[in-house]
Amino acid sequence: MTDASIDFDAMFAALCSEVGFCLHEKGQKKVIAALPKGLDAAMKAVLAAEGVDEPNAPGDLKKAVRDCLKAHVQPG
């Protein structure tokens, strides 16, 4: 996965409209930096940027964030 193949604007717009996490620029940069470490790291960065305590977050919420990210970082 290369940064050039990811439409970050679309990814963050989807996170906002589908999951309700409308990240500020600083939060977006943290998510982008975490993506090379994998989807779980990026999901944790999204939750941290929103002030959500990741270990105590509902599984459905974590899955929704991860699925939304996955839809934008994988070819297809």
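Look a little higher up for the structure.
These lines cover the structure that appears in this document, whether it is placed above or below. (Residues numbered from 1 in each chain as written. Predicted model: local features only at pLDDT ≥ 70, side-chain atom pairs only at ≥ 80, totals over all residues. Heavy atoms only, no water.)

### Focus on the overall build of the protein chain
The secondary structure content of the protein chain amounts to four helices and zero strands. Ordered by position from N to C terminus, the α and β elements of the protein chain give α-α-α-α. By the compact-globule yardstick of 11 Å for 76 residues, the protein chain fits well, its C-alpha radius of gyration being 11 Å. By principal-axis analysis of the C-alpha atoms, the protein chain measures approximately 35 × 25 × 25 Å. Looking at the protein chain as a whole, 36% of its 76 residues qualify as buried. The long-range fraction of contacts in the protein chain, counting pairs at least 24 apart against all pairs at least 6 apart in sequence, stands at 56%. Taken as a whole, the protein chain presents about 4,500 Å² of accessible surface, with 52% of it coming from carbon and sulfur. Averaging the positions of the 9 positive and the 11 negative side-chain charges in the protein chain gives two centres separated by 6 Å. (Helix = DSSP H or I, 4+ residues; strand = E, 2+ residues; numbered from the N terminus. Rg over C-alpha atoms; globule rule 2.2 N^0.38 Å. Buried < 20%, exposed > 50% of the residue type's maximum accessible area, 1.4 Å probe, protein only. Contact = heavy atoms within 4.5 Å. Areas by Shrake-Rupley, 256 points an atom, 1.4 Å probe, with all protein chains shown as cover. Lys, Arg positive; Asp, Glu negative; His and termini not counted. Charge placed at Lys NZ, Arg CZ, Asp CG, Glu CD.)

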